[in-house]
Amino acid sequence: MRAHAQLIFWAVLVAALALLPPVVGVLHEPFYVELVRRVMIFAIAAASLNLILGYGGLVSFGHAAYLGIGGYAVGILSFYGMNSGWLQWPVAIGASALVALAIGAVSIRASGMYFIMITLAFTQMLYYLGISIEEFGGDDGMRIKTRSQFSGLIDLADPVASYYLVLVLMFGTIYLVHRIARSRFGMVLRAAKSNEARSRAIGFSPYSYRLCAFTIAGALCGLAGALLANHTAYITPDFMHWTRSGEIMFMVILGGVASSAGPLLGALVLLVFETLLAGWTEHWQVILGPLLVLSVIFFRTGLAGIIPGAGDE
Amino acid sequence: MNDMLLEVRGLSKSFGALRACDGIDFDVREGETHAVIGPNGAGKTTFISQLSGDLRPDQGSIRFAGQDVTPLRAPARAKKGFARSFQITSIYREFTALDNVALAIQAHAGHSFRFWKPARSEPALRDPARQYLDGVGLGERANALAANLSHGEQRQLEVAMALATKPRLLLLDEPVAGMGTEESQRMVTLLDSLKGRQTMILVEHDMDAVFSLADRISVLVYGRIIATGAPLDIRANTEVRQAYLGEDS
Amino acid sequence: MPPLTLVFEQLLNGVQFGVMLFLMAAGLTLVFGIMNFVNLAHGSFYMIGAYLTLAAVQWSGNYIAGVVLGLAGTLLVGMLVEVVALRTLYARDHLDHVLATFGLILFFNELVAIIWGRTLLDFPRPEWLRGHVEIFAGSRYPFYRAVVILVGLAVGAGLWYVVTRTRLGMLIRAGASNRTMIAALGVNVRLLYTVVFGFGCALAGLAGLMAGPIYAVLPGMGEMILIQVFVVIVIGGLGSIRGAFVGALLVGIVDTLGRAFLRPLLATMISPTAADSAGPALASMLIYLLMALVLAVRPEGLFPSRGR
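Just so you know, these numbers come straight off a predicted model, no measurement behind them. (Residues numbered from 1 in each chain as written. Chains lettered and ligands numbered in written order. Predicted model: local features only at pLDDT ≥ 70, side-chain atom pairs only at ≥ 80, totals over all residues. Heavy atoms only, no water.)

1. Points about the interface of chain C and chain A
Quite often, the size of an interface is put as the accessible area lost when its parts meet.
Next up, step 1: Taken together, the contact between chain C and chain A spans 47 residues of the former and 39 residues of the latter.
Next up, step 2: Interface area, chain C with chain A, both sides summed: about 4000 Å², of which 78% is carbon and sulfur.
Next up, step 3: It is Leu95, Leu99 and Phe102 of chain C in chain C that bury the most area against chain A; as a group they hold 15% of the surface buried on that side.
Next up, step 4: One can count two salt bridges joining chain C with chain A.
Next up, step 5: Residues arginine 118 of chain C and glutamate 282 of chain A are paired through a salt bridge, measuring 3.4 Å at the closest nitrogen-oxygen approach.
Next up, step 6: Here chain C and chain A share nine residue pairs in polar contact (both at pLDDT 80 or more) between them.
Next up, step 7: Residue classes in the side of chain C that touches chain A are distributed as 33 nonpolar, seven polar and seven charged. (Contact = heavy atoms within 4.5 Å. Buried area = accessible area lost by both parts, 1.4 Å probe. Salt bridge = Lys/Arg side-chain N within 4 Å of Asp/Glu carboxyl O. Polar contact = N/O pair within 3.5 Å; in protein donor to acceptor, adjacent residues only side chain to side chain. Nonpolar A, V, L, I, M, F, W, Y, C, P; charged D, E, K, R; others polar.)

Below is the structure:
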């Protein structure tokens with residue numbers, strides 16, 4: 001019964017997202033393709049954060065760092081005339097993984113409140129670094145003249161083509177995180193979140209597993225960064241702004257921690273809601289802020305917990 | 001000559017001015033059940049936490065199977081063959097009973113950097129886990145969430161997890177604490193069935209349990225071991241009676 | 001080599017920045033130490049302190065009256081926020097604290113933008129706080145900044161006295177470890193928490209109102225300093241007033257000296273153009289690198305508080 005509901009949920013989700021471009025094409029509303037593509041890119045970022053936050057219990061308040069690193073990898077290589085996506089994207093993923101490894105190595109030894117502050121501080125360091133390097137536009141950022149080239153296989157300047165690429169990559173990421181969370185590795189990660197003392201007593205050292213998860217999450221978010229840079233054709237330090245980290249975190253919580261569908265649902269609701277509010281008033285954050293506070297106080301189940309078939313297990 | 005599995009020499013630990021452990025010498029023979037008793041605040045939990053590697057001693061050494069394990073932390077000692085239960089039950093509450101034991105088996109089945117195959121469908125982890133659950137009498141409750149088990153069942157689960165790591169030495173920190181008579185009797189029967197096959201250190205307040213299970217007893221008072229001997233000798237020891245048993249029984 | 005008087009002046013600037021970081025860090029660490037609550041919106045009260053004081057000074061025409069009103073206002077806003085939104089969250093985990101106070105930041109930043117606009121405001125220092133003082137022969141230092149240093153040190157000393165020597169301080173230190181015990185002493189724990197939270201906010205407000213004439217007054221000003229305050233707390237050790245003090249001075253001085261002298265220093269070693277681009281980048285990263293270094297050596301910070 002449960003599995004049946006899950007199957008329907010995911011089938012509806014995939015079909016709705018896949019059919020969106022032709023439908024809005026008929027309605028002449030290309031804006032929605034743009035919006036949902038953005039939603040799906042952030043769903044990748046949120047899914048990667050969910051691996052460490054939801055399953056691993058690591059409250060990283062610096063996940064936007066990898067969005068920035070992935071984005072700048074594309075931007076900087078393009079700045080020097082290297083437009084091949086075959087080069088740019090692996091560099092984006094690899095560089096993000098390396099930085100995550102370094103930040104994780106220092107911060108994972110700390111716990112709780114410390115971990116939150118340290119991840120936030122390191123991300124802010126990267127933000128200031130982005131601002132202070134004038135070659136790449138400093139504060140203003142820089143335009144990406146040519147989007148990533150994939151030997152003519154796909155044209156990322158075509159909004160619909162890039163939409164479908166993002167769609168495939170997003171479901172791929174969600175599935176990957178889903179598999180990892182249920183593997184031996186994922187079980188160790190979740191067990192350490194549940195009871196660290198017990199894990200140590202039966203012989204697991206949580207540190208190395210957490211660091212590995214942190215690095216994987218950074219790498220996946222680096223991919224989201226590369227996609228986002230291609231989406232906006234522009235890269236600024238704002239990719240790494242700490243409010244961005246907070247937003248990604250909220251997507252995970254709003255969607256439902258440690259659920260496969262949660263990050264997508266959270267990204268969808270938060271970004272669509274932000275877009276609606278912003279269309280209504282310039283001061284939308286004055287409304288969003290209190291709503292976030294209320295959702296923390298009263299709505300901790302997350303969307304995945306209330307939509308039939310969206311939950312796990 | 002060396003049938004000693006565990007040899008502790010001069011173990012000391014202070015918290016500020018309080019000397020919780022003060023030069024403890026302690027041995028466990030292969031196969032024996034060695035109980036540690038003592039009044040509240042005698043340093044029993046501090047002692048066992050140093051044995052398991054959760055606390056670092058200030059001084060002294062711990063040798064295990066002829067090897068110095070003093071510098072090793074808890075996970076490394078677990079790999080060497082230590083297993084423990086905690087004074088306050090420590091299990092994975094959000095997981096099923098079967099998951100709990102399967103995790104304990106996984107911890108001793110090579111590294112866990114395996115990212116793809118679902119762990120819950122691996123017979124190599126699940127089948128033995130079921131056997132250990134059966135072994136402690138929890139076979140029926142395999143798919144219950146650990147948080148939903150009764151207190152006594154959770155204690156049994158903790159023992160099953162410890163056994164699933166195939167330990168050479170089992171550290172039990174007050175295994176019958178907080179249990180009703182019936183539950184506590186079931187636990188004593190369980191531990192009794194392990195006796196002889198499994199080397200155990202038993203820290204316990206319940207004197208009935210201690211005297212029915214232990215081969216040897218050490219009495220810990222104010223961070224020092226004041227006597228070690230067979231249950232009958234300990235009963236007869238006047239110093240022990242004054243320090244401890246006299247007040248209690 | 002820069003002249004010694006310039007180094008001295010920058011050193012004092014570092015102390016002045018450090019003192020303000022300390023006021024922020026003290027409030028944050030106090031609230032964390034006692035309620036085990038993570039207040040990400042602490043920077044908002046820094047901002048609120050600056051804006052309320054500026055408005056009160058303009059309204060009353062008197063600087064001192066403005067400061068008193070601004071501090072009282074920040075205290076009240078802090079207590080109100082605690083009662084309305086945050087009190088229910090003490091029993092939750094740190095993740096919920098962070099998320100809820102993140103929402104508060106968005107709210108306050110936007111609210112300030114609605115009332116006062118998004119542009120930078122000018123916060124004039126009063127006539128009697130202008131001018132310079134001569135610290136020693138040939139070294140003149142802005143009087144206002146010197147006053148900031150003195151006020152910060154005085155508040156620090158007062159805080160130390162309250163926490164270590166008074167009944168209130170005893171309650172505060174006991175509250176962290178034993179909530180039920182102080183409740184049994186007949187103290188209203190809820191009220192104590194509200195007061196402590198408001199007091200921490202007022203400290204942040206004090207830092208903000210003193211920062212007004214030196215740095216920019218604009219929405220979001222609180223978060224720029226807040227993240228540096230986090231660095232202070234990580235370096236100093238969470239929950240320790242002493243650690244906050246040492247960490248704040250360290251971060252203040254390192255950051256200020258780095259920004260002032262790193263570029264000329266690099267220029268003597270590498271080409272001036274390279275130094276021009278590497279200098280500011282490195283200077284902005286300096287305190288974070290310092291944090292990483294401290295963490296590598298002492299993961300609990302320089303002055304870890306007991307039992308946490």
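2. Some points on a nonpolar patch on the surface
All names here are of chain A.
Next up, step 1: The grouping of Leu268, Val269, Phe273, Leu291, Leu294 and Phe298 at the surface amounts to a nonpolar patch, some 530 Å² of accessible area in total.
Next up, step 2: Those elements that provide at least two residues to the nonpolar patch are helix 11 (262-280) and helix 12 (285-298).
Next up, step 3: One can find leucine 294 in helix 12. (Patch = residues over 30% accessible without salt bridge, like charges linked within 9 Å, V, L, I, M, F, W, Y side chains within 5 Å. Areas by Shrake-Rupley, 256 points an atom, 1.4 Å probe, with all protein chains shown as cover. Helix = DSSP H or I, 4+ residues; strand = E, 2+ residues; numbered from the N terminus.)

3. Things to note about the pattern of salt bridges
Next up, step 1: Tallied over the full model, the rule gives 26 salt bridges over all chains.
Next up, step 2: The partner of glutamate 110 of chain C in a salt bridge is arginine 118 of chain C, and the shortest N-O contact between them spans 2.8 Å.
Next up, step 3: We classify glutamate 110 of chain C as buried; its relative accessible area is 4%.
Next up, step 4: One connected set of salt bridges, linked through shared partners, spans Arg198 of chain A together with Arg155 and Glu158 of chain B. (Buried < 20%, exposed > 50% of the residue type's maximum accessible area, 1.4 Å probe, protein only.)

4. Comments concerning the packing of helix 6 (residues 159-182) of chain A against helix 9 (residues 206-232) of chain A
Residues and elements named next belong to chain A.
Next up, step 1: Contact geometry for helix 6 and helix 9: axes closest at 12 Å, N-to-C directions at 170 degrees. With respect to helix 9, the element helix 6 is oriented roughly antiparallel. Two secondary-structure elements touch here, helix 6 through Val166, Leu169, Thr173, Leu176, Val177 and Ile180 and helix 9 through Ile216, Leu220, Leu223 and Leu227.
Next up, step 2: For the contact of helix 6 with helix 9, the per-class residue count stands at nine nonpolar, one polar and no charged. (Axes fitted to C-alpha atoms, helices over the stretch in contact; angles between N-to-C directions. Parallel < 35°, antiparallel > 145°, perpendicular 65-115°, else oblique.)

5. A short note on the interface of chain B and chain A
Next up, step 1: Each partner contributes to the interface: chain B provides 37 residues, whereas chain A provides 28 residues.
Next up, step 2: Around 2900 Å² of area is buried between chain B and chain A when both sides are counted, 59% of it from carbon and sulfur atoms.
Next up, step 3: Broken down residue by residue, the surface that chain B buries against chain A is led by Tyr92, Phe115 and Trp116 of chain B, which jointly contribute 23%.
Next up, step 4: Linking chain B with chain A are two salt bridges, by the criterion used here.
Next up, step 5: Close ionic contact of arginine 198 of chain A with glutamate 158 of chain B constitutes a salt bridge, the shortest N to O distance being 2.9 Å.
Next up, step 6: Along the contact surface separating chain B from chain A lie 17 residue pairs in polar contact (both at pLDDT 80 or more).
Next up, step 7: Counting only elements with at least two residues in the side of chain B that touches chain A, the list comes to helix 2 (74-80), strand 6 (82-85), helix 3 (97-107) and helix 5 (151-164) of chain B.
Next up, step 8: Its residues placed into classes, the side of chain B that touches chain A shows 19 nonpolar, seven polar and 11 charged.

6. A word on the packing of aromatic side chains
A ring pair, where both rings are aromatic, is described by two values, the distance of the centres and the angle of the planes.
Next up, step 1: This structure, assessed with the given rule, holds 36 aromatic pairs over all chains.
Next up, step 2: Considering the side-chain rings of phenylalanine 9 of chain A and tryptophan 10 of chain A, the 5.5 Å spacing of their centres and the 85 degrees angle between planes classify their relative orientation as edge-to-face.
Next up, step 3: Residue tryptophan 10 of chain A is classed as partly exposed on the basis of its relative accessible area of 23%.
Next up, step 4: A centroid spacing of 5.8 Å and a plane angle of 80 degrees characterise the contact between tyrosine 175 of chain A and tryptophan 116 of chain B, whose relative ring orientation is edge-to-face. Of this pair, tyrosine 175 of chain A sits in helix 6 while tryptophan 116 of chain B is found in the loop between helix 3 and helix 4 (123-135), placing the two residues in two different chains.
Next up, step 5: Members of the aromatic cluster, joined through ring pairs, are Phe37, Phe45, Tyr90, Phe107, Phe108, Tyr193 and Phe197 of chain C. (Phe/Tyr/Trp six-rings, centres within 6.5 Å; stacked < 30°, edge-to-face > 60°.)

7. Some remarks on unusual backbone geometry
Across the chain, the bulk of peptide bonds are trans and the bulk of non-glycine residues have phi less than zero.
All names here are of chain B.
Next up, step 1: With a phi close to 50 degrees, alanine 65 is a non-glycine residue in the positive phi region.
Next up, step 2: Locating alanine 65 in the fold gives a position in the loop between strand 4 (59-64) and strand 5 (67-68).
Next up, step 3: Overall, alanine 65 belongs to the partly exposed group, its relative accessible area being 38%.
Next up, step 4: With phi around 45 degrees, lysine 166 is a residue other than glycine that occupies positive phi space.

8. Some remarks on the sheet that holds strand 10 (residues 224-229) of chain B
Residues and elements named next belong to chain B.
Next up, step 1: Read across the sheet, six strands follow the order 6-7-8-3-9-10 without closing on themselves; strand pairing throughout is mixed. Unpaired on one side and paired on the other, strand 6 and strand 10 mark the two borders of the sheet. Adjacent strand axes in the sheet meet at a mean angle of 20 degrees, parallel and antiparallel pairs treated alike.
Next up, step 2: The pairing of strand 3 (residues 33-37) with strand 8 (residues 200-203) spans four bridges and is parallel. (Pairing = 2+ DSSP bridges.)

9. Side note on the side chain of aspartate 96 of chain C
Next up, step 1: Tracing the chain through its elements places aspartate 96 of chain C in helix 4 (residues 94-116).
Next up, step 2: Within polar-contact distance, the side chain of aspartate 96 of chain C engages the side chain of arginine 92 of chain C at 2.7 Å.
Next up, step 3: For aspartate 96 of chain C, the contacting residues outside a window of four places in its chain are Val296 and Arg300 of chain A together with Leu89 of chain C.

10. A look at helix 4 of chain B
Next up, step 1: For helix 4 of chain B, with 13 residues, the first-to-last C-alpha span of 18 Å sits near the 18 Å given by 1.5 Å per residue.
Next up, step 2: Buried residues of helix 4 of chain B: Leu125, Arg126, Ala129 and Leu133 of chain B, and no others. For helix 4 of chain B, the angular spread of buried residues about the axis comes to 85 degrees, placing them on one side. Projecting away from the buried face of helix 4 of chain B at angles above 90 degrees are the exposed residues Pro123, Ala124, Gln131, Asp134 and Gly135 of chain B.
Next up, step 3: Taken together, the buried residues of helix 4 of chain B touch helix 7 (184-194) of chain A together with helix 3 and helix 5 of chain B.
Next up, step 4: With its phi angle positive at about 85 degrees, glycine 137 of chain B sits one or two positions after the end of helix 4 of chain B. (Expected span 1.5 Å × (residues − 1). Arc of directions from axis to C-beta.)

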